[in-house]
Amino acid sequence: MKIIAADVVVASPDRNFVTLKITTDDGITGLGDGTLNGRELSVASYLADHVVPLLIGRDAHRIEDTWQFLYRSAYWRRGPVTMAAIAAVDVALWDIKAKAAGMPLYQLLGGASRTGIMAYGHASGRDEQELFDSIRRHLELGYRSIRVQTSVPGINAVYGVAAQPSVDGKRYDYEPAQRTPLPAEEDWDTRAYLRHLPGVFEAVRNEFGPELPLLHDGHHRMTPIQAAKLGKALEPYDLFWLEDCTPAENQDALRLVRQHTTTPLAIGEVFNTVWDYQTLIREQLIDYVRSAVTHTGGITAMRKLLDFAAQYQIKSGIHGPTDISPVGMAAALHLDLAIHNFGIQEYMQHGAATNEVFRQSFTFDDGYLHLGELPGLGVELDEQAAARFPYQPAYLPFNRLKDGTVHDW
C-alpha cells in the first residue's frame, strides 16, 4: 500500500492547527496532528518542504521503519518542530493501518484495557467566588476531576485564568495564545503565588469536600526549593497531582523536590522524546508522564515511553488542551484505552468552529471519554470548512519579574 499524496492543511477555527493528510494508492486517507502552539508555520514548512517529498512511494504499512527513517535520516534529531512533524506522519499512518484493518485504532494496540477514559477539566477564577462558580460549571458539564487555577493578588495576569484581561480585550476560554502581532507581556511574583495558593486549595476543599480529585499546574515557574515548599504546603489538600512545578530540563532538580514532599508530581508537556525523561523515570522522581502524542513523535514513540514508565509504576497524563487538535486528542484516547498504566487524560473541550472542521466520534459523559467504533482514529477533516478559517498569527504570552527579568511562562 503505497503513499501517493501527503497534504499539509493549516487552518484557524478557534485557534491555529496543522493537519497532515496522507493518501494511499488504495484510496485510504489518514490524518495526523502537527500543531505546535505559536510556531505552527515552522512545522507546516518542515512537513511540506522536507518530509512530504520523502513519503511519496513509501509503504504506508511500514510505520516503525518510517518513524526511524524520519528521525535518523535528518541527522539533527529531536526538538519540538521535528518531533511534531514525525508525530503527524506517525499518527496518520496508524489511522490508515486501522482503516485498512477495518478496526478502531485501539484494537491494533492490544484492545481496550478499560471501559472509559477518566478526564479532568480546567476551572479557574479571578477570586474565590468566580473559581467556585467555574468548578460548579465543570461539575455540571460532567467532569469528576478538576484542575484549579487562580489569580494571585498583586499579579496582573496568571496562566490558566480564562476570565482575566487580554491584550486585545477578548476572553480566551479555548486558547491562551492571543491573536496579536507580538507576544503579550505578563508579570510574575513567585513569593506572592506561594503565599496565596495554599489558602485557595483550603477554601476549595472546604467547599467541595475531600473526594473531588484536584489538580494544579505550576507552569515551570518555581525553582526546585520553591517547588518543594509548595508541594509540602499543599499536602493537606490531597492533590491528584502538582504539574510542572519546576523546569524539568534539569532532571536532577526533581530529586530535591521529591525529598521534601509526597504531593504527586506530573511533568513533561514541553518534552518531546524519551530522553527527556530518562532520569525522571528511572529514579521514580515523577508520578505522571505529561507529554502529548502530537509533540512526542506520535503513537509509536509514546507507546514506548509509557511502557518504560510502567516498569516504575508511573502513569500517563497525556497533554490535551485545545492546542492539541481533535486528531491529536483522538490519538491520545486510543493510546489511553489500550495501555495498562493509564492515569488521567486532560480534556479541554474545543469550540464550535473546531468541531465543524474536525468531525469526531469520541464522546464525553459523566467524567469519562469514550471512543466510538469507527475504523481508524474516528476523526475526519472537512477541508471545505477548514478553508474558511485561514491561519492567523498568534502567540503565547511571556513573563517578566518586577525588575524586568524575563521569567518562565
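In this text, all values refer to a predicted model and were calculated from it rather than measured experimentally.

Here we look at the side chain of Gln345
The residue Gln345 is located in strand 12 (residues 345–346) in this model. Residue class for Gln345 comes out buried when judged on its relative accessible area of 0%. Side-chain polar atoms of Gln345 contact the backbone oxygen of Ile318, separated by 3.0 Å.

Some points on the sheet that holds strand 1 (residues 3–11)
Strand order in the open sheet formed by 3 strands is 1-2-3, with antiparallel pairing between adjacent strands. Each edge of the open sheet carries a strand with a single partner, namely strand 1 and strand 3 (29–33). Going across the sheet, the axis of each strand differs from the next one's by a mean of 20°, ignoring polarity. Both strand 1 and strand 2 (residues 17–24) contribute to a ladder of 8 bridges, which runs antiparallel. Its bridge partner lying in strand 2, Val8 is registered against Leu20. Those strands touched by helix 1 (residues 40–55) are strand 1 and strand 2, and its axis lies near 175° from that of strand 1. On top of the sheet, helix 3 (residues 80–101) reaches strand 1, strand 2 and strand 3; it is set at about 150° to strand 3, its chief contact.

A closer look at helix 1
Remark: the principal bend of helix 1, roughly 40°, maps to Leu47. On its buried side, helix 1 packs onto strand 1, strand 2, helix 2 (63–73) and helix 3. Where helix 1 ends, the next residue or the one after it, Gly57, has phi of about 90°, a positive value.

Topic: the sheet that holds strand 6 (residues 185–187)
Pairing is mixed in the open sheet, where 3 strands are placed in the order 6-17-18. The open sheet is flanked by strand 6 and strand 18 (406–407), the only strands paired with a single partner. Pairing between strand 6 and strand 17 (residues 398–400): 3 bridges, direction parallel. Bridge assignment links Glu186 to a residue of strand 17, and that residue is Asn399.

Calculation rules
- Residues numbered from 1 in each chain as written.
- Predicted model: local features only at pLDDT ≥ 70, side-chain atom pairs only at ≥ 80, totals over all residues.
- Heavy atoms only, no water.
- Helix = DSSP H or I, 4+ residues; strand = E, 2+ residues; numbered from the N terminus.
- Buried < 20%, exposed > 50% of the residue type's maximum accessible area, 1.4 Å probe, protein only.
- Polar contact = N/O pair within 3.5 Å; in protein donor to acceptor, adjacent residues only side chain to side chain.
- Pairing = 2+ DSSP bridges.
- Axes fitted to C-alpha atoms, helices over the stretch in contact; angles between N-to-C directions.
- Contact = heavy atoms within 4.5 Å.
- Bend = angle between axes of the 7 residues up to and from the residue.

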